[in-house]
Amino acid sequence: MSQPTAPETLGSLTDETPIDPNSKKAKAITGRSPMQIALGRLMRDKIAVVCAIVILFFIIVAVFAPWINKFFGVDTETVFPSQYLDILGGGMPLEGPPNNGFDPDHPFGIAPQTADDNLAYWVEGCRTSLTIAALATLFASVLGVTIGLLAGFLGGIVDKVLSFFIDLFLTVPFLLAALTLAPILNERFNTADSYVTIQKFSLIGVLAVFGWMGTARLIRGEVLSLREREFVQAARVLGMPTSRVLLKELMPNLAAPIIISVSLMLPAFVAAEAGLAFLGIGVTSGASWGQTISKAVKYFEQYPLYLWEPLIGVVLLVLSLNLLGDAIRDALDPKTRR
Amino acid sequence: MKRNKPLALVAGAALITLAACGGGDGEENEGTTGTEKKFGAQEGGTKDATLEGPAQEVEGATEGGTVTVYVAGDPGPNSLDPTDGWSVLGNSIQQALTHRSLTQYKRGEDGQPVLVPDLAVDLGVPNEDFTEWTFTIRDDATWEDGKPVTAEEVAWGIQRSLDAETFPAGPGAEYSKGYFAGGQDYAGPYTDKDKAYDAISFDGQDVTIKMEKPFPDMDYWGAFMAMGPAPLGKASQPPNYGTDPLSNGPYKIEKWTPSEELILTKNDQWIAESDPARHQYVDEWIIKFDQDQAKVDQIMLSGNSDSQTAIATSIGSDKYEQANSELGERLVQQTSQCVSTLTPDYTKITDINVRKALAYAYPYQDVWLAGGEVPGVTRVPANSIMPPGMAGKKEGFQPDGEQIVYDPEKAKELLAEAGEEGYEITMIFYEVDPLAVAVQKQITKGFESAGFKVKAIPVQVSPYDIWLNPDDKVNKTLNLRGVNWCSDWPAGSTMLPPLLSGDGVYNTALFSEPEIDAEMEEIAGLPLEEQGAAWGELDAKIMEEFFPIIPTAFRNDLFVFGEKIGNPSGDAALGAPNYKDFFVMQ
């Protein structure tokens, strides 16, 4: 290390104009932690702010889904389509889009064939999507961080074994595993009353089990470089137990890579959930954007709104999460030149 | 005859398939702009034993051109061996174009199928009690290599159909083994290699078949390509023969890629004078299997040069309205002699009032809509098991006085009468198909609002795999199943016994009444002209007295024809496009 005495701050590495340490401005800067600096950068990033607002909107929709539906007076109950659809005139809704104007009872219109309310399904679909993605991200990142930490810090045979498993899971094609698992679970649990819940959690499980390897590799690499640093060595020399070294010395330094991998994992899982539902695995009963898209594809000419609604939901959410993830990475990275 | 595509067998089918005229009811007329279409219906079978080749010219027909047939969502046959063919798709193409049999159907003037001779010079000569049939094989029919089709080859082809082990999907297992003398004890020429089988014999040009029991429908059975010739010995060894069978019809197999494509070209050895019903106008047929329905719809509605000489065997329900207004005569509706049913387990739901309550609790229109059907077009209300127009069918008959429609109040009354309020129904649905899921939601809602409890078990295999497997643990818990059944020929004998006799293969209702079984046996032995009416009577009697099966719909098919396809029409015998009579307008 060429500058062993330099403080571990990020500010000194940026290209901000050096400020006279005695000026008034400098007073405001002093005492800001790396996290505060990163946050400040994030707040100045217009794209990041817009994305954060969009994501917040989706989170609010997901959390308050039942109340939102109640407010609009819609629900996901099955209805008899023959009362709402023009049976002999092409099966399109009698009221509302695509052939008539806005229908206040169903702000997003109703679905052809089943006459389900689109808004209710959209809101519930948002909930399904975010719940599954968030839980899968949580499990995958906990698993990935734990394994990465252990592999990187302990080294030797432990590292070899864990790295082998990381590679092994990377070789199993995710889609194939999901496709194989669905009928097995169905065969085992289809008579159980909690089948729908089991199905949801198995999907979260599949996503998590096949989504942790990237994080684990990233963390392992970081730990490999960190554990040779002086402060870690010092902690060991002082006789700190391994658990304390891992949690108190290494973890804080890993905050940045963890936040980055989480923020990029979320959109990947949202997209994966929608993709699986589109293929007919994953969530088969209940609302899901992917499922609505697969039903709506053939109506792209007669009833484009039906397809656009879930499509915009998925695209907007995934895009925002991705852009925000990128912005967070930029903000946390001291080497970024802006 | 089973529909080939397993999904189409489930209550909610992805494709539009069969039916006859019938209006909807209830509040459905608002905003309706569609024009009424006439259906090609089938009204029983007529026969013409004396028709001679060549086939009557189609008015304005010209020779030449290539026709492309788009088959959506169906991978087509697994084998082209005529003995193995028992699907609407495979049989309709092969029987019309490449493989001849004892008899065949011709589309009559009024669109009705007429049974006419094919390789035989007539429709066969039965003895007095229909236990022995003699077919005289014509001497001018030829194979694609120019050799004549001999009586020995026909006899050999028929004998092959008894090998249920080699051809498990073939129709011979049902009819040849069921009716031919000693058919149950003879495992067929490939499995029982050394055993002689003497019920089928040939002498000169005559082929004689001895029956175990009276079989008056042998002439209809003769229209299956399984009742046609096969080259002797090794040349027709399965399974290899199934990849490139020797053709004897107006076309021969140029190239076949299973699940993808079948290309047929003109067979120049075929003699028009030997064939009373087939034509050879088109130069080449390209049949494309397993197509995407949305893609096919786009091609057919685009009117571009690709679509002008194309035929689609189905159309997406979402495109029906557009096709109906834009295509006119080129959208053909055809009844396909099929019935969709729900089958309450006769051993568990023993009270007829509960079965009737189920019929009133089933939301017909809503199920069709949710399943992607066009109510009144591809699905029409049903009253009994025999499809409309079948010989002997009691038209206008209603098992419960009038047409059963969705009526939860009536269902509640019936349940109360039976003292079974809150009766729990256990059924399965195919959760991989979103349409089947949507259909199940409708059924559940309908049943529940009529006072039933519903336990719907999601499955990921074809429901038939479960319904037909008596040892399946899920199947044991079910008390409501279903089956979609199509007739093999226009006679009650291909509808009632398979579904409702004690040992019927597709008797998923587990219905068994010795009285009915005996009656079926008895009708099979009646003189031919009395049989139709007798089957009709029995059909009505079963529905009235036992109501063991709930017919939910009769089914119709829609076919789309390109601008330049001449004579767009359907084949009522099979519920398929009428491949025999098409030509390309030049």
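Residues numbered from 1 in each chain as written. Chains lettered and ligands numbered in written order. Predicted model: local features only at pLDDT ≥ 70, side-chain atom pairs only at ≥ 80, totals over all residues.

Turning next to the overall build of chain B. Each helix and strand counted, chain B has 17 helices and 22 strands in total. Summarising its shape, the C-alpha atoms of chain B cover approximately 70 × 55 × 40 Å along the three principal directions. Burial statistics for chain B: of 586 residues in total, 58% are counted as buried. Counting contacts in chain B only where the partners sit at least 6 residues apart, residues at least 24 apart contribute 76% of the total. (Helix = DSSP H or I, 4+ residues; strand = E, 2+ residues; numbered from the N terminus. Buried ≥ 20, exposed ≤ 12 C-beta atoms within 10 Å, placed from the backbone. Contact = placed C-beta atoms within 7 Å.)

The helix and strand inventory of chain A stands at 13 helices and zero strands. Starting at the N terminus, the α and β elements of chain A follow one another as α-α-α-α-α-α-α-α-α-α-α-α-α. Expressed as a percentage of its 338 residues, the buried residues of chain A come to 39%. Expressed as a percentage of contacts within chain A between residues at least 6 apart in sequence, the contacts between residues at least 24 apart total 71%.

A few words on the nonpolar core. By size, the foremost hydrophobic cluster in this structure holds 236 residues, and its most contacted members are A:Phe269, B:Ala312, B:Ala357, B:Tyr360, B:Ala361 and B:Tyr362. Per-element tally for this core: the top contributor is helix H5 (residues 118-154) of chain A, with 17 residues. Excluding residues that lie within four positions of it along the chain, B:Tyr360 makes contacts with B:Ile404, B:Tyr406, B:Asp407, B:Lys410, B:Ala411, B:Leu414 and B:Ala450. (Core = buried A, V, L, I, M, F, W, Y, C linked by C-beta atoms within 7 Å.)

Residue and element names in this part refer to chain B. Taken together, the four strands give an open sheet; going across it, the order is S5-S6-S8-S7, and neighbouring strands pair in antiparallel fashion. Where the open sheet ends on each side, the last strands, each with one partner, are strand S5 (125-126) and strand S7 (200-203). Two strands pair when backbone bridges link them, and S7 and strand S8 (residues 206-210) are joined in this way by four bridges, in the antiparallel orientation. Note that in S8 the partner of Asp203 across the bridge is Asp206. (Pairing = 2+ DSSP bridges.)

A few words on the pairing of strand S17 (residues 480-486) of chain B. All names here are of chain B. Of all seven residues making up S17, seven are buried, and the element is well covered by its neighbours. Neither face of S17 is open: one carries Leu480, Gly482, Asn484 and Cys486, the other Arg481, Val483 and Trp485, and all of them are buried. Alignment of strand S13 (residues 331-344) against S17, held across seven bridges, turns out to be antiparallel. Bridge pairing in S17 places Val339 opposite Trp485.

With that settled, consider the pairing of strand S18 (residues 550-561) of chain B. On a regular strand, each side chain points to the face opposite its neighbour's, so the side chains alternate between the two faces of the sheet. Residues and elements named next belong to chain B. The buried count for S18 comes to twelve of twelve residues, which makes it a mostly enclosed element. Bridge count for strand S12 (residues 310-312) against S18 is two bridges, and the pairing is antiparallel. If you follow Ile311 over to S18, its bridge partner there is Phe561. Pairing between strand S14 (residues 379-380) and S18: two bridges, direction antiparallel. Note on S18: the bridge partner recorded for Arg379 is Arg555.

Another aspect to go through is the sheet that holds strand S4 (residues 113-117) of chain B. Sheet architecture is open: three strands sit in the order S1-S4-S3 (chain B), paired in mixed fashion. Here the strands that pair on one side only, and so sit at the sheet edges, are strand S1 (46-47) and strand S3 (103-107) of chain B.

The partner chain A presents 31 residues to the 36 residues of chain B that form the contact. Listing elements by their share of the side of chain B that touches chain A, those giving two or more residues are helix H8 (320-327), helix H10 (364-370), helix H12 (434-449) and strand S16 (453-459) of chain B. Sort the elements by how many residues they give to the side of chain B that touches chain A and H12(B) lands first, with six residues. Its residues assigned to classes, the side of chain B that touches chain A shows 14 nonpolar, 13 polar and nine charged. (Nonpolar A, V, L, I, M, F, W, Y, C, P; charged D, E, K, R; others polar.)

As for its position among the elements, A:Gly148 is in helix H5. Not counting residues within four places of it along the chain, the set of residues in contact with A:Gly148 comprises A:Thr215, A:Ala216, A:Arg217, A:Leu218, A:Ile219, A:Arg220 and A:Val223.

With that out of the way, let us pick up unusual backbone geometry. Residues and elements named next belong to chain B. Cis geometry marks the peptide bond from Gly53 to Pro54, where omega comes out at -5 degrees. Mapped onto the fold, Pro54 is located in the loop between S1 and strand S2 (66-72). A cis geometry characterises the amide bond from Pro238 onward to Pro239, with omega recorded as 0 degrees. Within the secondary structure layout, Pro239 lies in the loop between helix H5 (218-221) and strand S9 (251-257). Here the phi dihedral of Ser259 falls at roughly 65 degrees; this positive angle occurs in a residue that is not glycine. Positionally, Ser259 belongs in the loop between S9 and strand S10 (261-266). What makes Ser259 exposed here is the crowd of 11 C-beta atoms within 10 Å. Residues other than glycine seldom take positive phi values, yet Leu510 does so here, at roughly 55 degrees. Within the element layout of this structure, Leu510 appears in the loop between helix H15 (496-500) and helix H16 (514-524).

The next point concerns H12(B). One full turn of an α-helix is made of 3.6 residues, so residues set three or four places apart face in the same direction. Residues and elements named next belong to chain B. The end-to-end C-alpha distance of H12 is 23 Å, a good match for the 22 Å that 16 residues give at a rise of 1.5 Å each. With 13 of its 16 residues buried, H12 lies for the most part within the structure. Gly451, located one to two residues past H12, shows a positive phi value of around 95 degrees. (Expected span 1.5 Å × (residues − 1).)

Residues and elements named next belong to chain A. Where H5 meets helix H8 (residues 195-209), the closest approach of the two axes is 8 Å, and the angle between their N-to-C directions is 40 degrees. Relative to H8, the element H5 lies oblique. As H5 packs across H8, the resulting crossing turns out to be right-handed. Packed against H5, whose contacting residues are Ile132, Leu135, Ala136, Phe139, Ala140 and Leu143, the element H8 presents Lys200, Leu203, Ile204, Leu207 and Ala208 at the interface. (Axes fitted to C-alpha atoms, helices over the stretch in contact; angles between N-to-C directions. Parallel < 35°, antiparallel > 145°, perpendicular 65-115°, else oblique. Left-handed = near helix turned anticlockwise from the far one by under 90°.)

Moving on to the environment of B:Val584. Residue and element names in this part refer to chain B. Summarising the element assignment, Val584 is placed in strand S22 (residues 583-584). Since 21 C-beta atoms lie within 10 Å of it, Val584 is described here as buried. Put simply, Val584 and Thr62 are 522 residues apart on the chain and 6.7 Å apart in space, counted from C-alpha to C-alpha. In contact with Val584, other than residues within four places in its own chain, are Gly64, Gly65, Val67, Val282, Thr309, Lys564, Ile565 and Gly566.

All names here are of chain A. Viewed as axis vectors pointing N to C, helix H3 (residues 46-63) and H5 meet at an angle of 105 degrees, and their least axial separation amounts to 8 Å. With respect to their mutual orientation, H3 and H5 come out roughly perpendicular. Across from Phe58, Ile59, Val61 and Ala62 in H3, the residues of H5 making contact are Val123, Cys126, Arg127, Leu130 and Thr131. Looking at the contact of H3 with H5 residue by residue, the class counts come to seven nonpolar, one polar and one charged.

Residue and element names in this part refer to chain B. Checked against the element boundaries, Gly536 lands in helix H17 (residues 528-545). Look at Gly536 and you get buried, because 20 C-beta atoms sit within 10 Å. Sequence separation between Gly536 and Ile385 is 151 residues; the distance between their C-alpha atoms is 9.6 Å. Sequence-distant contacts of Gly536, that is, excluding residues within four places in its chain, are made with Met386, Gly392, Lys393, Lys394 and Gly492.

Attention shifts here to the confidence of the model for chain A. Residues and elements named next belong to chain A. Of all residues in chain A, 90% attain a pLDDT of 70 or more, and the chain-wide mean is 86. The least confident element of chain A is helix H1 (residues 24-29), whose mean pLDDT is 56; the most confident is H3, at 95. Ignoring residues within four places in sequence, the model shows residues 4-8, a span with pLDDT below 50, making one contact including any to other chains. (pLDDT = per-residue confidence, 0-100.)

Attention now moves to the confidence of the model for chain B. Residue and element names in this part refer to chain B. With 92% of its residues at a pLDDT of 70 or more, chain B has an overall mean of 86. The secondary structure element of chain B with the lowest average pLDDT is helix H1 (residues 6-9), at 33, and the one with the highest is S10, at 95. The low-confidence segment residues 4-43, where pLDDT is below 50, has 136 contacts with residues more than four positions distant or belonging to other chains.

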